[in-house]
2 protein chains.
Amino acid sequence: MTSRACAMARQVLLTVLLSAAAASAQTADQLPSWNDGKARQAIVRFVERVTAEGQPDFVPVPGRIAVFDNDGTLWSEQPLYFQLQFALDRVKAMASDHPEWTSEEPFASLLKGDVKAALAGGEPAIMKIVMTTHAGMTTDEFDRIVRDWVRSARHPETGRPYTQMVYQPMLELLAYLRENDFKTFITSGGGIDFMRVFSEEVYGIPPEQVIGSSGKTSFAMRDGVPLLMRAPEINFIDDKAGKPVGIHQHIGRRPIAAFGNSDGDLQMLQWTCLRPGPHLCVFVRHTDAEREWAYDRKSSIGRLDKGLDAAADSGWTVVDMKADWSTVFAPVR
Amino acid sequence: MTSRACAMARQVLLTVLLSAAAASAQTADQLPSWNDGKARQAIVRFVERVTAEGQPDFVPVPGRIAVFDNDGTLWSEQPLYFQLQFALDRVKAMASDHPEWTSEEPFASLLKGDVKAALAGGEPAIMKIVMTTHAGMTTDEFDRIVRDWVRSARHPETGRPYTQMVYQPMLELLAYLRENDFKTFITSGGGIDFMRVFSEEVYGIPPEQVIGSSGKTSFAMRDGVPLLMRAPEINFIDDKAGKPVGIHQHIGRRPIAAFGNSDGDLQMLQWTCLRPGPHLCVFVRHTDAEREWAYDRKSSIGRLDKGLDAAADSGWTVVDMKADWSTVFAPVR
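Residues numbered from 1 in each chain as written. Chains lettered and ligands numbered in written order. Predicted model: local features only at pLDDT ≥ 70, side-chain atom pairs only at ≥ 80, totals over all residues.

K.L.:
Help me understand the overall build of chain A in this model?
P.N.:
When helices and strands are tallied, chain A shows 13 helices and eight strands. Seen along its three principal axes, the alpha-carbon backbone of chain A occupies a region of about 85 × 55 × 35 Å. Among the 333 residues that make up chain A, the fraction classed as buried is 41%. Nonlocal contacts in chain A, meaning residues at least 24 apart in sequence, comprise 63% of its contacts between residues at least 6 apart. (Helix = DSSP H or I, 4+ residues; strand = E, 2+ residues; numbered from the N terminus. Buried ≥ 20, exposed ≤ 12 C-beta atoms within 10 Å, placed from the backbone. Contact = placed C-beta atoms within 7 Å.)

K.L.:
Whenever I open this one, the nonpolar core confuses me. Can you help?
P.N.:
Note that soluble globular proteins tend to have their nonpolar side chains buried in a common cluster. Residues and elements named next belong to chain A. One finds V67, A258, V282, F283 and W316 to be the most contacted residues of the largest nonpolar core, which totals 73 residues. Each of domain 1 (27-79 + 161-324) and domain 2 (82-152) gives at least three residues to this core. V282 has contacts with F259, W316, T317 and V319, leaving out every residue within four places of it along the chain. (Core = buried A, V, L, I, M, F, W, Y, C linked by C-beta atoms within 7 Å. Domains from an automatic or database assignment.)

K.L.:
Can you walk me through the packing of helix α10 (residues 242-250) of chain B against helix α11 (residues 266-273) of chain B in this structure?
P.N.:
Working note: a packed helix pair is described by the angle between its axes plus the distance between those axes. All names here are of chain B. Contact geometry for α10 and α11: axes closest at 7 Å, N-to-C directions at 55 degrees. Judged on the interaxial angle alone, α11 and α10 are oblique. Seen from α10, the contacting residues are K243, P244 and I247; seen from α11, they are Q267, M268 and W271. (Axes fitted to C-alpha atoms, helices over the stretch in contact; angles between N-to-C directions. Parallel < 35°, antiparallel > 145°, perpendicular 65-115°, else oblique.)

K.L.:
Can you walk me through α10(B) in this structure?
P.N.:
Side chains that are three or four residues apart share a direction in an α-helix, a result of its 3.6 residues per turn. Residue and element names in this part refer to chain B. When you tally the buried positions in α10, you get nine out of nine residues, the bulk of the element. Within α10, the full set of buried residues consists of G242, K243, P244, V245, G246, I247, H248, Q249 and H250. Just downstream of α10 lies G252, where phi reads positive at about 80 degrees.

K.L.:
What should I look at first to understand the domain arrangement of chain A in this one?
P.N.:
Note: interface size is frequently given as the accessible area lost on complex formation between the parts. Residue and element names in this part refer to chain A. Domain boundaries in chain A define domain 1 (27-79 + 161-324) and domain 2 (82-152). Taking the mean C-alpha position of each, domain 1 and domain 2 sit 27 Å from one another. Residue-level contacts link 17 residues of domain 1 with 14 residues of domain 2. At the level of elements, β2 (183-191), α9 (192-203), β3 (210-222) and β4 (225-236) are the ones that each hand at least two residues to the side of domain 1 that touches domain 2.

K.L.:
Whenever I open this one, the relation of the copies chain A and chain B confuses me. Can you help?
P.N.:
The relation between the two copies of this chain is a rotation about an axis and a shift parallel to it. After a rotation of 180 degrees and a shift along the axis of 0.0 Å, chain A superposes on chain B with an RMSD of 0.0 Å. These values place the two chain copies in the arrangement generated by a two-fold rotation axis. In this assembly, 97% of the residues forming the interface of chain A have copies in chain B that are likewise at the interface, indicating an isologous arrangement. (Least-squares fit on C-alpha atoms with pLDDT ≥ 70 in both.)

K.L.:
Even after reading the chapter, I still don't get the interface of chain A and chain B, so can you show me in this structure?
P.N.:
Facing 37 residues of chain A, the contacting portion of chain B comprises 36 residues. Those elements that place two or more of their residues in the side of chain A that touches chain B are α1 (3-24), α9, β3, β4, α10 (242-250) and α11 (266-273) of chain A.

K.L.:
Is there a simple way to explain the pairing of strand β2 (residues 183-191) of chain B in this structure?
P.N.:
Looking down a regular strand, the side chains alternate between one sheet face and the other. Residue and element names in this part refer to chain B. Judged by how many residues are buried, β2 sits mostly within the fold: eight of nine residues are covered. Relative to β2, strand β1 (residues 65-68) runs parallel, the two sharing four bridges. What sits directly across from A66, in β2, is T184. In the sheet, β2 pairs with strand β3 (residues 210-222) via three bridges, with the strands oriented parallel. Among the inter-strand pairings, G191 is bridged to a residue of β3, identified as S213. (Pairing = 2+ DSSP bridges.)

K.L.:
In this structure, what is going on with the environment of A:F329? I would like to understand it.
P.N.:
Residue and element names in this part refer to chain A. The residue F329 is located in the segment after α13 (321-324) in this model. Along the sequence, F329 and E292 sit 37 residues apart, while their C-alpha atoms lie 8.7 Å from each other. Sequence-distant contacts of F329, that is, excluding residues within four places in its chain, are made with Q164, M165, Y167 and Q168.

K.L.:
I'm lost on unusual backbone geometry in this one. Help?
P.N.:
Most peptide bonds take the trans configuration, and most residues that are not glycine carry a negative phi. Of the consecutive residues B:Q78 and B:P79, the connecting peptide bond is found in the cis state with omega at 0 degrees. Structurally, B:P79 is set in the loop between β1 and α3 (82-94). Following B:E105, the chain continues to B:P106 via a peptide bond in cis, the omega torsion being 0 degrees. Turning to its location among the elements, B:P106 is positioned in the loop between α3 and α4 (107-111). At A:D181, a residue that is not glycine, the phi angle is positive and equals roughly 65 degrees. Relative to the assigned elements, A:D181 resides in the loop between α8 (168-179) and β2.

Structure, rendered in structure tokens:
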């Protein structure tokens, strides 16, 4: 080897080794939007423990499953769940084909702009809105409709696209976990096919790692072309006691980390953390009326009441958005 | 750098580069149990096309989804689906707790060893056997029961453990696809939780990539411990027109490659291949009475009739086990 070749070899080797070192040092520097406090420390300590080979809490890579609620945990949910906002926008877009809606509730109130009156019909009214706007089309057609909405719709208070109302600290957390060989899943009460449209681009979570509520679909051949039709019938509600069921159905093993923000996530956290072995359970608490919203025990959306008590009982981590996050929303792209 | 340090650097660099080269050369040398014929060529050509960056059929990694039926595609299914054999073994194991079964069909016939008479009751009889043996316990308990059975049970004709009646060429194919950055899924009519017990060890397919039929489960807290109970109620049948539905529910995008062996897989292949863009559809045809079994259009188990016609119409690949495979079963470990 000539000295020049040797220098080159050294150069290349250094580059290789440095990039390897960079890849293995998955430190918490990747959580810049998290202030140094109990929540951040609990997360980092947990990740360090389960990735320390040879240590008692080491978890081999296939077992590193982390599940995340979506509404209120990864993106905002005020003043109305974003998917419900999508449904309301769809009702308006579809109204010209449905003259009968001017005298049929909950559509009539909605079209007059009175969301409160429309939703006063409770769950049956909401189901009617959801079924009308989410069924009666193929899966490909629904996908396209959601894609168009995501691109054009704006949040009524902030004017941001909905997919830019995601929490920057949670994006950093997702990336931090994945770089430590966790597989990250969404486990949301929201619609599985609604979230899948943007989950990969926004969260880096591929469609096959999204779990959510769903309607029934049926397979058919139309003019030699296969399709899946969305039927106006509920298949599965991925909320409360449904969350562990959905996790078992889709993942087939118990997560070791779970992140939620409301009582709808309580059973998911119980399933993840009330057992032997290393585990991490985290509630995000909405405490920042200035930068986001502040609500918990008495909110009709995203109520966190029993969950707060359970967290205190079991020593789970509670993120105080105001104190723990230096940034709330990812910068506008 | 001293000459000794230089030699060392060169050595290390060579090792690094050689292992990188080995990792990127995903040639078809990994299919040693496939004879050189149309089937092997179709598979290799497809993989080369979709992995050739810059070429018209290139598919980015996230879209490389391949789905596999299990019974008759990855392991044998004669003389009886192995999971049904599991259920029959369980009936025998549970009989001492059920004295009433000596006079109650289909259990009475089963316990007398007359499987044919027991199954003469058709689907209701089979459902009764399956529900009795697959429900009324927690998911953890069921997992343990299947694990014990897999370890101890032997195939009635070959005397092999069931998990050693898997097809060596298909194991090579799974590995070949994964080394080309495919994500491999099982999409079987068999029970999702039954297959998950051995899918990772036997096929290298983790539980979250197994799709199958399932019963309903429900979440409960018992003495402060969370559990999922298996209810004697069908949740989903992952067969025929159910397969595209299950694929959509679990994966959320269309596969580009599908492998089956019976008419139960026809709709899965239609969903995968009757569309624009690169795709590969393969039926495994059981043609080897000597090394495995020979059956197709008239078999009650794993009938391949409409599928053969569809394959001819659409130019799908049909694997002739006898001609295309130099080895059928993986060597006994």
